[in-house]
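Reading the structure
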Amino acid sequence: MPYAAKFKITSAPSSEPVTLTEAKDQCRVDNESTHDDTFLNNAITTAREYYEQVTDRFLMPRTVQVALKRFPGIRQIELAGAVVRSITSVQYYDSDNTLQTLSSSKYYLFDYFFPNAVVLDSAEAWPDTYERENAVIITYEAGYTNASEVPQKSKTAILMMVAELFANRESSSVTGTVSSLTRAYTNLISSEKTYGRY
């Protein structure tokens, strides 16, 4: 993404792409037992967060804000964390350092490839901005609508990570756990990576 854009999650996911029951099945844990439930729920979140970090692909619904120092010299702005469902707003600080909102008629979401992007209409031009780190702020909704829409290979990769975390719960780091995972996990992750400029 141009100009070293930064992003933050302003509304985090409230659910996970795999269930506790699915995690128990993957780990061969008795579904009636609740002894490991807290650990497994935390492992699901850890595995999902690691997957999203490595692939730059947000799985569950959340609100995201991207900040840039200025509008780019090209018509498109790539957005962190596919899948982007909708653009809430494109805001900018004008030359007087006053926050403005760009009309949605001047841009559109292009989501036919990853990374998704905000694209300026061909008849428009990006406005001038004040010099500041967050001169441009793009707010959008990202992630699949619900767990049923998450691709099965993404779920499989998460469950594989959960099983490895469960089997090696004394490991000092997630990175150490990843290094012990199979080639199948690595291939699943690699096939889902989003390659962009950010």
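Residues numbered from 1 in each chain as written. Predicted model: local features only at pLDDT ≥ 70, side-chain atom pairs only at ≥ 80, totals over all residues. Heavy atoms only, no water.

The next subject is the nonpolar core. In terms of nonpolar packing, the biggest core is built from 27 residues, with Cys27, Tyr51, Leu59, Ile158, Met161, Val162 and Tyr185 touching the most fellow members. Elements that contribute at least two residues to this core include exactly helix H1 (20–27), helix H2 (37–55), helix H3 (152–167) and helix H5 (183–192). In terms of residue count, H3 provides more of this core than any other element does, nine residues in total. Among residues more than four places away in sequence, those in contact with tyrosine 185 are Tyr50, Ala157, Met160 and Met161. In terms of nonpolar packing, the next biggest core, distinct from the first, is built from 21 residues, Val64, Val66, Val90 and Tyr140 among them. (Core = buried A, V, L, I, M, F, W, Y, C linked by side-chain atoms within 4.5 Å. Buried < 20%, exposed > 50% of the residue type's maximum accessible area, 1.4 Å probe, protein only. Helix = DSSP H or I, 4+ residues; strand = E, 2+ residues; numbered from the N terminus. Contact = heavy atoms within 4.5 Å.)

For the rest of this paragraph, the subject is the pattern of salt bridges. Throughout the structure, instances matching the rule amount to six salt bridges. A salt bridge links arginine 48 to glutamate 16; its shortest N-O distance comes to 2.8 Å. With arginine 48 in helix H2 and glutamate 16 in the loop between strand S1 (6–11) and H1, this pair connects stretches of sequence that are 32 residues apart. Overall, the relative accessible area of 6% leaves arginine 48 in the buried class. Classification of glutamate 16 by relative accessible area gives partly exposed; the value is 21%. Look at the salt bridges and you will find they share partners, linking Glu16, Arg48, Glu52 and Arg62 into a network. (Salt bridge = Lys/Arg side-chain N within 4 Å of Asp/Glu carboxyl O.)

Scanning all chains against the criterion turns up six aromatic pairs. Ring geometry for phenylalanine 7 and phenylalanine 58: centres 5.9 Å apart, planes at 65°, overall edge-to-face. Taken together, the positions of phenylalanine 7 in strand S1 and phenylalanine 58 in the loop between H2 and strand S2 (62–68) put the pair 51 residues apart, joining distant regions of the chain. According to the relative accessible area criterion, phenylalanine 7 is partly exposed, its value standing at 41%. Look at phenylalanine 58 and you get buried, because its relative accessible area is 5%. (Phe/Tyr/Trp six-rings, centres within 6.5 Å; stacked < 30°, edge-to-face > 60°.)

Quick look at H3 now. In a regular helix each residue adds 1.5 Å, so 16 residues correspond to 22 Å; H3 covers 22 Å between its end C-alpha atoms and thus fits that length. Across the 16 residues of H3, 12 count as buried, placing the element largely inside the fold. Every buried residue of H3 is listed here: Ser154, Lys155, Ala157, Ile158, Leu159, Met160, Met161, Val162, Ala163, Glu164, Leu165 and Phe166. (Expected span 1.5 Å × (residues − 1).)

Let us now look at the sheet that holds S1. In spatial order, the strands read S1-S2-S8-S4-S5; together these five strands make up an open sheet with antiparallel pairing. Each edge of the open sheet carries a strand with a single partner, namely S1 and strand S5 (99–101). For this sheet, the mean inter-axis angle between neighbouring strands, taken without regard to orientation, is 25°. In the sheet, S2 pairs with strand S8 (residues 136–142) via seven bridges, with the strands oriented antiparallel. By the bridge assignment, threonine 63 is partnered in S8 with glutamate 141. (Pairing = 2+ DSSP bridges. Axes fitted to C-alpha atoms, helices over the stretch in contact; angles between N-to-C directions.)

This is a description of form; function is not addressed.
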